[in-house]
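# Fold and contact review
Single-letter residue listing:
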Amino acid sequence: MDLGYESTATATSWAGRPVHDRGETVCVVGAGASGLVAIKNLTEHGFGVDCFERETGVGGAWNWRHDRSPVYASTHLISSKPFTQFPDFPMPDSWPDYPHHSQVLAYLERYADHFDLRRHIWFGTEVVRAVPTHDGRWDVTTRGARGGAERTQRYAGLVVANGHNWWPKRPTYEGIEGFAGEVIHASAYKDAAQLRGRRVLVVGAGNTGCDIAVEAAQQATRCWHSARRGYWYAPKYAFGRPADQVNDLVLALRLPLRLRQWLFHRTMRMTVGDLTRFGLPKPDHKVYETHPIANSQLVYYIGHGAITPVPDVARFHRTAVELVDGRVIDPDLVILATGYLPRFEFLAPEVLGMDPSEEGVGRPRLYLHLFSRAEPTLAVAGLLQPDSGLFTLVHWQTVAVARWLRLRATAPAKAEAFRERIRREPDRPWTDAKVRDSSRHWFEISHTRYLRALQKTLDELAVTS
């Protein structure tokens, strides 16, 4: 694949292999939504880009054909169309408020074609190692996703966009190894046919767990839904509009957090009522302190007896599951909808601000969840868990990255001042509420608060003539 940039072997890597210098070209890892917008914004700022994608097509998590995709047949967006689309490439007006996953993939494929991004992508190629050099560049080692010889190339910068919803987070339970039934993670759930005629226990009350429980209510002979704590289940529509659009209007008024929480609780009481009467546990936190769950059908099926809410799992027996309240149930299929962990096995943990003992699985500590404090030319795009859609946010993230890399060449003193500031600035939550301390909420943000901070960074990185 000839991308038109000079590539010559000018050095040797730490392993003694030749390194092919790509000059001022930037390496992007992953061709999902975050990788595509990174390619687009970097090229618009004049950079050459090599993007490495282990699969054979674009789309990342939204491409259901990919081995690591968490998408299942009925997956739809949980954020509405205006809050998901890229700002310079709107979704069709004819599409529904919450597009199906196949429409999202088609949208990303059209985006790639519209901006002519595929010519920058090396498909079927995975990054096995990325090592910073002494001068702020990166030696990136790749190989074919199905094997083959390794190749190392040197880049001016590295943008990691490999997603954070593909490495399953699996809880451990006493006795689970001896359980005679089937246990799968939600990442292996693809179609409602897997539930048909089964006695299903869904563990986890996030958006995926609720969706699967609703499908089990329609397909399984019995469905139990296990949650460790009570949650706030928001409908996907409120006052005749998608709920995230209503929430955005409230945020635009800059009302105090307590008043916004009061308004939400009052709306819930008027529409859904007291969820404890359905057997759901009372939430032990206020709204906005956990990631929002948007599901209009869960309470409906609980109210019709098709889903039985149960507490957390205590242990597994050979043919049964014991709950923490002492009850024993007999599912033959257990689905662990317990989320995902970020995974960066090709990077040393310390460059992401992680504890070295975490070996690529842990909490990255980055400025704006974006810029590495340890390495000036490293950024991670899309590492966010917003209360809205992601695509708009990652668009502006990658504009900031492109501006930063350009500023280093055109105004080094200004760039160094920015660098020193983010080194000193401590981690901060980009949300008004105090969110729960769990891996699910590592990257939780309020989109309005985050965008204001990102706008300040964009202004700071603007190149003035």
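Residues numbered from 1 in each chain as written. Predicted model: local features only at pLDDT ≥ 70, side-chain atom pairs only at ≥ 80, totals over all residues. Heavy atoms only, no water.

### Comments concerning the overall build of the protein chain
Applied cut-off: Runs of H or I in DSSP of at least four residues are treated as helices and runs of E of at least two as strands, each being numbered from the N terminus. For the radius of gyration, the atoms used are the C-alpha atoms, and the globule rule reads 2.2 Å times the number of residues raised to 0.38. Residue burial is assigned from relative accessible area. The probe radius is 1.4 Å, only protein chains are included, and a residue is buried under 20% of its type maximum, exposed over 50%, and partly exposed in between. What makes two residues a contact is simply this: any of their non-hydrogen atoms within 4.5 Å. For accessible areas, the Shrake-Rupley method is used with a probe of radius 1.4 Å. Any residue's cover is judged against the shown protein chains and nothing else.
Check the secondary structure of the protein chain and you find nine helices and 26 strands. Taken over the C-alpha trace, the protein chain has a radius of gyration of 23 Å; the compact-globule value for 465 residues is 23 Å, and the two agree within 12%. On the principal axes, the C-alpha backbone points of the protein chain span a range of 65 × 50 × 45 Å. Within the span of the protein chain, comprising 465 residues, buried residues form 54% of the whole. Nonlocal contacts in the protein chain, meaning residues at least 24 apart in sequence, comprise 65% of its contacts between residues at least 6 apart. Accessible surface, the protein chain: about 20,500 Å² in total, of which carbon and sulfur atoms supply 51%.

### Describing the side chain of Ser34
Inspection of the secondary structure puts Ser34 in helix α1 (residues 33-44). When neighbours within four sequence positions are excluded, Ser34 is seen to be in contact with Ala161, Ala381, Gly382, Val394 and Thr398.

### So, the nonpolar core
Applied cut-off: Buried Ala, Val, Leu, Ile, Met, Phe, Trp, Tyr and Cys residues form a nonpolar core when they are joined through side-chain atoms within 4.5 Å.
Formed by 56 residues in total, the largest nonpolar core has its most connected members in Leu42, Phe86, Phe371 and Tyr450. At the level of elements, β3 (26-29), α1, β4 (49-53), α2 (101-114), α7 (391-410), α8 (412-424) and α9 (447-461) are the ones that each hand at least two residues to this core. By residue number, the principal contributor to this core is α7, which donates ten residues. Filtering out sequence-adjacent residues up to four positions away, Leu42 remains in contact with Val26, Val28, Phe47, Val49, Val159, Ala402 and Leu405. Membership of the second largest hydrophobic core comes to 32 residues, among which are Ala205, Cys223, Phe278 and Ile302.

### Quick word on helix α4 (residues 243-252)
Buried residues of α4: Asp244, Gln245, Val246, Asn247 and Leu251, and no others. Turning to α4, the residues buried within the fold contact β15 (237-238), β16 (241-242), α5 (257-271) and α9. Arg254 sits one or two residues past α4 and shows a positive phi near 55°.

### Overview of the side chain of Ser79
Convention followed: A 3.5 Å cut-off defines polar contacts: any pair of N or O atoms within that distance qualifies, except that in protein one atom must be a possible hydrogen donor and the other a possible acceptor, and neighbouring residues in sequence count only when both atoms are side-chain atoms.
Summarising the element assignment, Ser79 is placed in the loop between β4 and α2. Looking at Ser79, its side chain comes within polar contact range of the side chain of Thr84, at 2.6 Å.

### Overview of the packing of aromatic side chains
This is how the line gets drawn: Centres within 6.5 Å make a pair out of two Phe, Tyr or Trp rings, where for Trp the six-membered ring is used; the pair is then stacked when the planes are under 30 degrees apart, edge-to-face when over 60, and tilted otherwise. Any Lys NZ or Arg CZ that is within 6 Å of a ring centre and within 35 degrees of that ring's normal is treated as a charge sitting over the ring.
In the structure shown here, the tally under the stated rule is 23 aromatic pairs. Summarising the aromatic geometry, the rings of Trp166 and Trp167 are spaced 5.9 Å apart at their centres and angled 85° between planes, so their arrangement reads as edge-to-face. Taking the relative accessible area as the measure of exposure, Trp167 reaches 32% and is therefore partly exposed. For the ring pair Trp232 and Phe264, a centre distance of 6.5 Å and an interplane angle of 90° mean the geometry is edge-to-face. Remark: Phe264 occurs in helix α5 and Trp232 occurs in the loop between β13 (222-226) and β14 (233-234); sequence separation between them is 32 residues. Aromatic rings pair up to connect Phe86, Phe89, Tyr107, Tyr111, Phe115 and Phe391 into one cluster. Stacked on the ring of Phe115, the Lys or Arg Lys40 has its end atom at 5.1 Å from the ring centre. Between Arg406 and the ring centre of Phe47, over which it is positioned, the NZ or CZ distance is 4.1 Å.

### Focus on the sheet that holds strand β19 (residues 313-316)
In sheet architecture, strand pairing relies on hydrogen bonds along the backbone and comes in two forms, parallel and antiparallel. Applicable threshold: What makes two strands pair is DSSP finding at least two bridges between them.
Here three strands make up an open sheet; going across it, the order is β19-β20-β21 and the pairing antiparallel. Looking along the sheet, the strands with just one partner apiece sit at the ends: β19 and β21 (328-329). Alignment of strand β20 (residues 321-323) against β21, held across two bridges, turns out to be antiparallel. In the sheet register, Val321 faces β21, and the bridge partner there is Ile329.

### Observations regarding the sheet that holds strand β12 (residues 199-203)
Let me state the cut-off plainly: For every element, the axis is a line fit to its C-alpha atoms; helices are fit only across the contacting stretch, and the angle between N-to-C directions ranges from 0 to 180 degrees.
Taken in spatial order, the five strands line up as β11-β22-β12-β13-β18 in an open sheet, and their pairing is parallel. Strands at the two margins of the open sheet, each flanked by one partner only, are β11 (182-185) and β18 (308-310). Averaged over all adjacent pairs, the angle separating strand axes in this sheet is 20°, with direction ignored. Both β12 and β13 contribute to a ladder of five bridges, which runs parallel. Across the sheet, the residue bridging to Val200 is Cys223, located in β13. Against the sheet, helix α3 (residues 207-219) engages β12, β13 and β22 (333-336), with an angle of about 165° to β13.

### What about unusual backbone geometry?
Residue Arg254 is not a glycine yet carries a positive backbone phi of 55°. For Arg254, the location among the structural elements is in the loop between α4 and α5. Relative accessible area serves as the criterion here: at 60%, Arg254 is assigned to the exposed category. For Leu368, which is not glycine, the phi dihedral falls at a positive 60°. Tracing the backbone shows Leu368 in the loop between β23 (340-341) and β24 (378-380). Owing to a relative accessible area of 1%, Leu368 belongs among the buried residues under this scheme.

### Looking at the pairing of β22
Here β22 shows two buried faces, one formed by Leu333 and Ile335 and the other by Val334 and Leu336. Here four bridges tie β12 to β22, and the two strands are oriented parallel to one another. Across the sheet, residue Val200 finds its bridge partner in β22, namely Leu333.

Everything listed is a geometric property; what it means functionally is a separate question.
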